Amino acid sequence: MKSNQKKILLSLLILLAIFHPLSLDMYTPAFPLMQKSLGASIDELQLSVSAFIGGLFIFQFIYGIATEHFGRKRTLITGLLIYVFFSFFISLIKTPEYLVYLRVLQAAGAGVGATLSISLVADFFDKNDIAAIRATIATGVSVALFFSPIIGGWIAEYVNWRAIFILQCLLGFLALMLSLSLLKKDKDRLYSFKQLCRFFPEIIANKTYLSFAIPISLQTAGMYSFITVASSIYILHYHVKIIHFGWFYAVAILGYMTGNILLKKLKVRYADISIFKIGITVSIISSFFILLFSLFDFSYSYYGITIAMSFYMLSSGLVFPSGTSIAIQKYLNVTGIASSVLVSMKMLIAMLITGILGFIGSKNPEIFGVSIFMISLLSWVSHSFFRKL
């Protein structure tokens, strides 16, 4: 593949990687407007977030097997068609009854991006460049995380919430066109279903894999907890205006972007394992300050929560690429399976924690503060535990 084609491919990989954060973050500022338009409760809307995460969890296993059995291109095209169709379908609904189910089906399409954006890196780029390419993709994801709530807030305020899902539909169509033009015809299948199923227990039993996969999953759960409750905490608890909410959210997400950029600098001097440990340490310190600001609740404590959350996101920008590179290093021959297990684990833990958080107190900053601090501690404990086994 030529240099120009690789640049376009990298753009496609970034686009694929941002589907699930875009699908989660862009519509949360529109929750109050969706409540009025659909007659939905805030609990129903937050359940749609957990439903999307649950859909990602379920379909990662399917895509992991499909991409190694049927090939990358056919699997990717199928997933993108599903994403385009159901993104458009959500924009048409009039009542909240089907929102949760449609979000699961939208996640069925978005999930292909999460798996293939990891697998295709190993297929098309040199082994020595994989970590740097993943950091570049992660930077693209952080840009999407930064701007999506701002764009979503603007669209909701000046157009309507339905236009948010139409935009997601158009982005899916763009990815579909790029995939059709860039990816070659799939080769004959490399593994049978029986062979592929044997890799799952091997990966799940690998202690090195788990020592990174579980902390990454917990760190992801912390991020998604913030995504799930941020609009309720800022808009309903602290009475931040919808149009201003995106900026507070974006400042927190800016930390993730900074972490990705910092990782590239640290890679020159430090190994992935060292960067990973730095990230986990920063997450514990920052989540402790989130806990303090949430417990000592005063009029402007959300500024402190925002700044501390940006450092938590910075730690995630260090942990995700470095931990992922180490976790799947042994399984480069079946990156589709290894990446699907990792993403499924992330989605399962995130779904459980965000579901519990939404159930016990979605707009309560104290509960969020305690949750994210416990998540950070568990990340360090799980990493240490499996490394010592």
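Our structure is the block above this text.
What you see is a predicted model, and the numbers here were worked out from it, not measured in a lab. (Residues numbered from 1 in each chain as written. Predicted model: local features only at pLDDT ≥ 70, side-chain atom pairs only at ≥ 80, totals over all residues. Heavy atoms only, no water.)

Caption draft 1: Spatial organisation of the overall build of the protein. For the protein, the count of helices and strands is 14 helices and zero strands. Helices and strands appear in the protein in the N-to-C order α-α-α-α-α-α-α-α-α-α-α-α-α-α. Counting only C-alpha atoms and orienting by the principal axes, one finds that the protein spans roughly 60 × 50 × 40 Å. For the protein, the exposed area adds up to about 16,000 Å²; of that, 69% sits on carbon and sulfur atoms. Across the protein, the centroid of the 30 positively charged side chains sits 8 Å from that of the 15 negatively charged ones. (Helix = DSSP H or I, 4+ residues; strand = E, 2+ residues; numbered from the N terminus. Areas by Shrake-Rupley, 256 points an atom, 1.4 Å probe, with all protein chains shown as cover. Lys, Arg positive; Asp, Glu negative; His and termini not counted. Charge placed at Lys NZ, Arg CZ, Asp CG, Glu CD.)

Caption draft 2: Focus on the side chain of Ser339. Position of Ser339 relative to the elements: it lies in helix α13 (residues 335–361). The contact partners of Ser339, leaving out residues within four places of it in the chain, are Thr115, Ile118 and Ser119. (Contact = heavy atoms within 4.5 Å.)

Caption draft 3: Just the pattern of salt bridges, in detail. Using the criterion set out here, one finds two salt bridges in the structure. For Lys267, the salt bridge identified is with Asp272, shortest N-O distance 3.0 Å. Judged by relative accessible area, Asp272 falls into the buried class, the value being 16%. (Salt bridge = Lys/Arg side-chain N within 4 Å of Asp/Glu carboxyl O. Buried < 20%, exposed > 50% of the residue type's maximum accessible area, 1.4 Å probe, protein only.)

Caption draft 4: Highlighting the environment of Lys264. Here Lys264 is to be found in helix α10 (residues 242–266). The partly exposed category is assigned to Lys264, whose relative accessible area is 37%. The spacing of Lys264 and Gly39 is 225 residues in sequence and 46 Å in space, taken between C-alpha atoms. The contacts of Lys264, once residues within four sequence positions are left out, are Ala132, Ala135, Thr136 and Thr139.

Caption draft 5: Spotlight on the packing of helix α12 (residues 301–327) against helix α14 (residues 365–388). One can describe the packing of α12 onto α14 by two numbers: an axis separation of 13 Å at closest approach and a directional angle of 20°. Viewed along their axes, α12 and α14 adopt a mutual orientation that is roughly parallel. Between α12 and α14 lies a crossing of left-handed hand. Here Ile305, Met309 and Tyr312 of α12 come into contact with α14, specifically with Pro365, Phe368, Ile372, Ile375 and Ser376. Taken together, the residues of the contact of α12 with α14 sort by class into seven nonpolar, one polar and no charged. (Axes fitted to C-alpha atoms, helices over the stretch in contact; angles between N-to-C directions. Parallel < 35°, antiparallel > 145°, perpendicular 65-115°, else oblique. Left-handed = near helix turned anticlockwise from the far one by under 90°. Nonpolar A, V, L, I, M, F, W, Y, C, P; charged D, E, K, R; others polar.)

Caption draft 6: Structural context of the side chain of Lys346. As for its placement among the helices and strands, Lys346 is situated in helix α13. Buried and without a salt bridge, Lys346 has Asp25 as its closest oppositely charged side chain, separated by 13 Å. Here Lys346 is in contact with Ile216, Ser217 and Thr220, once residues within four sequence places are set aside.

Caption draft 7: Representation of helix α4 (residues 72–90) in the model. Taking 1.5 Å of rise per residue, the 19 residues of α4 would be expected to cover 27 Å, and the 27 Å separating its terminal C-alpha atoms lies within 8% of that figure. Regarding α4, the residues found buried are Arg72, Lys73, Thr75, Leu76, Ile77, Gly79, Leu80, Tyr83, Val84, Phe86, Ser87 and Ile90. (Expected span 1.5 Å × (residues − 1).)

Caption draft 8: Geometry of a nonpolar patch on the surface. A cluster of nonpolar side chains, namely Leu295, Phe296, Phe298, Tyr300, Tyr303, Val370, Met374 and Leu377, defines an oily patch on the protein surface of about 810 Å² accessible area. If one sorts the elements of the nonpolar patch by residue count, α14 sits on top with three residues. Its location among the elements puts Phe296 in the loop between α11 (272–295) and α12. Owing to a relative accessible area of 58%, Phe296 belongs among the exposed residues under this scheme. (Patch = residues over 30% accessible without salt bridge, like charges linked within 9 Å, V, L, I, M, F, W, Y side chains within 5 Å.)

Caption draft 9: Structural detail: the environment of Leu254. As for its position among the elements, Leu254 is in helix α10. Taking the C-alpha atoms as reference points, Leu254 and Ser37, separated by 217 residues in sequence, lie 31 Å from one another.

Caption draft 10: Region of interest: the packing of aromatic side chains. Within this structure, the stated rule accounts for 22 aromatic pairs. Each ring, one from Phe248 and one from Tyr302, has its centre 5.3 Å from the other, and the planes form 70°; the classification is edge-to-face. On the criterion of sequence distance, the pair formed by Phe248 in helix α10 and Tyr302 in helix α12 is long-range, its members being 54 residues apart. The residues Phe248 and Tyr302 share a single accessibility class, namely buried. Here the aromatic cluster, defined as three or more aromatic residues joined through ring pairs, consists of Phe226, Tyr234, Tyr238, Phe245, Phe248, Tyr302, Tyr303 and Phe368. A cation over a ring is seen here: Lys346 above Phe320, with NZ or CZ 5.5 Å from the ring centre. (Phe/Tyr/Trp six-rings, centres within 6.5 Å; stacked < 30°, edge-to-face > 60°. Lys NZ or Arg CZ within 6 Å of the ring centre and 35° of its normal.)

Caption draft 11: Structural detail: empty space enclosed by the protein. The final tally for this structure, using the stated rule, is three cavities of 30 Å³ or more. By volume, the largest cavity amounts to about 490 Å³. Together, 24 residues line the largest cavity, and His20, Val141, Tyr256, Phe320 and Lys346 are the ones closest to its centre. When residues of the lining of the largest cavity are traced back to their parent elements, those giving at least two are α1 (3–25), α5 (99–124), α6 (130–158), α9 (207–237), α12 and α13. Residue composition of the lining of the largest cavity, grouped by class: 18 nonpolar, four polar and two charged. Considered as a void within the structure, the second largest cavity measures approximately 40 Å³ in volume. Every residue along the wall of the second largest cavity is listed here: Phe226, Val229, Ala230, Ile233, Tyr234, Ile305 and Phe368. (1 Å grid on protein atoms, 1.4 Å probe; cavity = no way out; pocket = protein on both sides within 12 Å on 5 of 7 lines; lining within 4 Å. Points joined across faces, edges and corners; volume = space filled by probe spheres on them.)

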